Amino acid sequence: MFAVTASRFDAADPLSGLTLGERPDPAPPEGWTTVTVKAAALNHHDLWSLQGVGLREEQLPMVLGCDAAGVDEDGNEVIVHAVIGDPGAGFGDETLDPKRTLLSEKHDGTLAEKVAVPRRNLVPKPAELSFEEAACLPTAWLTAYRMLFTKADVAPGGTVLVQGAGGGVATAAIALGAAAGLRVYATSRSQDKRDRALELGAHAALESGARLPERVDAVIETVGEATWSHSLKSLRPGGRVVVVGSTSGQAPSAELQRMFFLQLSVIGSTMGTRDELDRLARFLVTTGVRPQIDRVLPLREAREGFAAMREGDLFGKIVFTP
Ligand SMILES: NC(=O)c1ccc[n+]([C@@H]2O[C@H](COP(=O)([O-])OP(=O)(O)OC[C@H]3O[C@@H](n4cnc5c(N)ncnc54)[C@H](OP(=O)(O)O)[C@@H]3O)[C@@H](O)[C@H]2O)c1
């Protein structure tokens, strides 16, 4: 089968380790099944993998990709849940299983014509979603869903700030938050992305670091060091910052005085459960919200998508079709 793999690591030039070509078909172990991929989405995770984050040299070559939608062996249209873990070992939540792994970390990923996954990782794809739309859900959109509705715990009528409006998680958080009746503020360094954040449903879009018209209940933080201080300053007393990423660096000042004096909470989050993915898919059907797709490329042209993500030259998800 045709697949996109990481064949070596290069922290400075990650695309140099990207290989496109033939790989053996998957051989699913007991309890696993093979999905024929119809669409697969790119995540920052794939760039981290090429930089050697979360993978060891001896695991190479590794097929990249966490996200896919396709057809299972029985002909059902499915979304692939990327988290491989045992809910029983994780207090009922597979993302908390200490042995949890994501597709492409230990097992070959989704940027291929076929992918092997545990049977329990298949979620029915609603007919209302295209394969390209459904492929955006398992990582960025699921992560945003859990951040907003499980971790930030903001009620309709509440307020959130989404930092770095152009990213996959950020565009998802803006659209999901607005659809759920939240007042969403977004920041971006680019005027074009700020304009597009408004189209997605943001109440207001501001330059990175700008003072908000009001303090918010929660911040959706994926950028890290570059926006951290602004995130803390933007919270109301007792507010929460939910963090899943550190694209710009992972060691900002903790600003402890601000944190305890204003009784702020910092909450880490990663991906989401199979159940949350199922509910996310239903939420999109109910609300009519659809993932913001920056571009759809043939899998054979995946390098172009990786380059765009590396440059930050995107708004929403990049999707590949085998
Ligand atoms: N823990 C999890 O489960 C999980 C899941 C998904 C993603 N993540 C992580 O979350 C992060 C975001 O991932 P993603 O795929 O959504 O998108 P991404 O492509 O990494 O996000 C790009 C956005 O980050 C902002 N940004 C980047 N560098 C910046 C800087 N120096 N200053 C200010 N803003 C900056 C940009 O915003 P503007 O250009 O609009 O300013 C850009 O739109 C990544 O680090 C990823 O690994 C974690």
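What you see is a predicted model, and the numbers here were worked out from it, not measured in a lab.

Thresholds, definitions, all that
- Residues numbered from 1 in each chain as written.
- Predicted model: local features only at pLDDT ≥ 70, side-chain atom pairs only at ≥ 80, totals over all residues.
- Heavy atoms only, no water.
- Helix = DSSP H or I, 4+ residues; strand = E, 2+ residues; numbered from the N terminus.
- Buried < 20%, exposed > 50% of the residue type's maximum accessible area, 1.4 Å probe, protein only.
- Areas by Shrake-Rupley, 256 points an atom, 1.4 Å probe, with all protein chains shown as cover.
- Lys, Arg positive; Asp, Glu negative; His and termini not counted.
- Charge placed at Lys NZ, Arg CZ, Asp CG, Glu CD.
- Pairing = 2+ DSSP bridges.
- Axes fitted to C-alpha atoms, helices over the stretch in contact; angles between N-to-C directions.
- Contact = heavy atoms within 4.5 Å.
- 1 Å grid on protein atoms, 1.4 Å probe; cavity = no way out; pocket = protein on both sides within 12 Å on 5 of 7 lines; lining within 4 Å.
- Points joined across faces, edges and corners; volume = space filled by probe spheres on them.
- Nonpolar A, V, L, I, M, F, W, Y, C, P; charged D, E, K, R; others polar.
- Domains from an automatic or database assignment.
- Near = heavy atom within 4 Å.
- Polar contact = N/O pair within 3.5 Å; in protein donor to acceptor, adjacent residues only side chain to side chain.
- Sits in = over half its atoms within 2 Å of the grid points.
- Core = buried A, V, L, I, M, F, W, Y, C linked by side-chain atoms within 4.5 Å.
- Arc of directions from axis to C-beta.
- Buried area = accessible area lost by both parts, 1.4 Å probe.
- Salt bridge = Lys/Arg side-chain N within 4 Å of Asp/Glu carboxyl O.

**Details of the overall build of the protein**
Link 1 in the chain: Across its full length, the protein carries nine helices and 18 strands.
Link 2 in the chain: C-alpha atoms of the protein, sized along the principal axes, occupy 55 × 40 × 40 Å.
Link 3 in the chain: Here the protein holds 322 residues, and the buried ones make up 55% of them.
Link 4 in the chain: Approximately 13,500 Å² of the protein is accessible, and the part contributed by carbon and sulfur atoms is 48%.
Link 5 in the chain: When the 33 basic and 41 acidic side-chain charges of the protein are each reduced to a single mean position, those positions are 5 Å apart.

**Observations concerning the sheet that holds strand β15 (residues 235-243)**
Link 1 in the chain: Here six strands make up an open sheet; going across it, the order is β13-β12-β11-β14-β15-β16 and the pairing parallel. This sheet does not close on itself; its edge strands, each paired only once, are β13 (204-207) and β16 (265-268). If you compare each strand with its neighbour and ignore which way they point, the axes differ by 20° on average.
Link 2 in the chain: On the sheet, helix α3 (residues 137-151) packs against β11 (159-162), β14 (216-221), β15 and β16 and is oriented at approximately 145° with respect to β15.

**Quick word on the layout of surface pockets**
Link 1 in the chain: Empty space within the largest pocket amounts to approximately 1,400 Å³.
Link 2 in the chain: As for the largest pocket, its lining consists of 49 residues, of which H44, W48, T222, G245 and T247 are closest to the centre.
Link 3 in the chain: Of all elements in the fold, only α1 (44-50), β8 (101-102), α3, α4 (168-179), α6 (225-233), α9 (302-311) and β18 (317-321) reach the threshold of two or more residues within the lining of the largest pocket.
Link 4 in the chain: Counting residues per element, the lining of the largest pocket draws most heavily on α1, at four residues.
Link 5 in the chain: Residue composition of the lining of the largest pocket, grouped by class: 17 nonpolar, 25 polar and seven charged.
Link 6 in the chain: Looking at which domains feed residues into the lining of the largest pocket, each of domain 1 (2-136 + 291-321) and domain 2 (140-268) supplies at least three.

**Structural notes on the site of the ligand**
Link 1 in the chain: Lining the immediate environment of the ligand, one finds 24 residues, of which H44, W48, V169, S188 and M271 sit closest.
Link 2 in the chain: V169 places a main-chain nitrogen or oxygen 2.8 Å from an oxygen atom of the ligand.
Link 3 in the chain: Here the ligand, which alone exposes 900 Å², has 88% of that area covered by the protein.
Link 4 in the chain: Under a 2 Å grid-point criterion requiring more than half of the atoms, the pocket assigned to the ligand is the largest pocket.
Link 5 in the chain: Only α1, α3 and α4 provide two or more residues apiece to the shell around the ligand.

**What to know about the nonpolar core**
Link 1 in the chain: Membership of the largest hydrophobic core comes to 50 residues, with the highest contact counts inside it found for L137, W141, I174, L176, L280 and L284.
Link 2 in the chain: Here this core takes eight residues from α3, the largest share from any one element.
Link 3 in the chain: Taken domain by domain, the makeup of this core includes at least three residues from each of domain 1 (2-136 + 291-321) and domain 2 (140-268).
Link 4 in the chain: Dropping the residues within four chain positions of it, L137 is found in contact with I79, L129, L142, L277, L280, A281, L284 and P291.
Link 5 in the chain: If you look at the next biggest cluster of nonpolar residues, it comprises 36 residues, including W32, L47, V78 and I318.

**A look at helix α5 (residues 191-200)**
Link 1 in the chain: Buried within α5 we find K193, R194, A197 and L200. Down the axis of α5, the buried side of the element spans an arc of 115°, and every buried residue falls inside it.
Link 2 in the chain: Contact partners of the buried residues in α5: α4, β12 (183-188) and β13.
Link 3 in the chain: Its side-chain oxygen at 3.3 Å from the backbone nitrogen of D192, S190 defines the N-terminal cap of α5.

**Regarding the domain arrangement of the protein**
Link 1 in the chain: For the protein, the domain assignment lists domain 1 (2-136 + 291-321) and domain 2 (140-268).
Link 2 in the chain: Domain 1 and domain 2 are separated by 26 Å when their C-alpha centres are compared.
Link 3 in the chain: Contacts between the two partners involve 15 residues from domain 1 and, on the opposite side, 14 residues from domain 2.
Link 4 in the chain: Interface area, domain 1 with domain 2, both sides summed: about 1,100 Å², of which 58% is carbon and sulfur.
Link 5 in the chain: At the boundary of domain 1 with domain 2, the tally comes to one salt bridge.

**Comments concerning the sheet that holds strand β1 (residues 2-6)**
Link 1 in the chain: Pairing is antiparallel across the open sheet formed by three strands, whose spatial order is β2-β1-β4. At either margin of the open sheet sits one strand with a lone partner, and together these are β2 (18-22) and β4 (62-63).
Link 2 in the chain: Here β1 runs beside β4; their pairing, made up of two bridges, is antiparallel. Residue pairing for β4: A6 is matched across the bridge by M62.
Link 3 in the chain: Of the strands in this sheet, β1 and β2 are in contact with α9, which crosses β2 at around 160°.

**With respect to unusual backbone geometry**
Link 1 in the chain: Cis geometry is found at the peptide bond from L60 to P61, where omega equals -5°.
Link 2 in the chain: Its identity as a non-glycine residue notwithstanding, E255 has a phi of 50°, on the positive side.
Link 3 in the chain: If you trace the backbone, E255 turns up in the loop between β15 and α7 (256-261).

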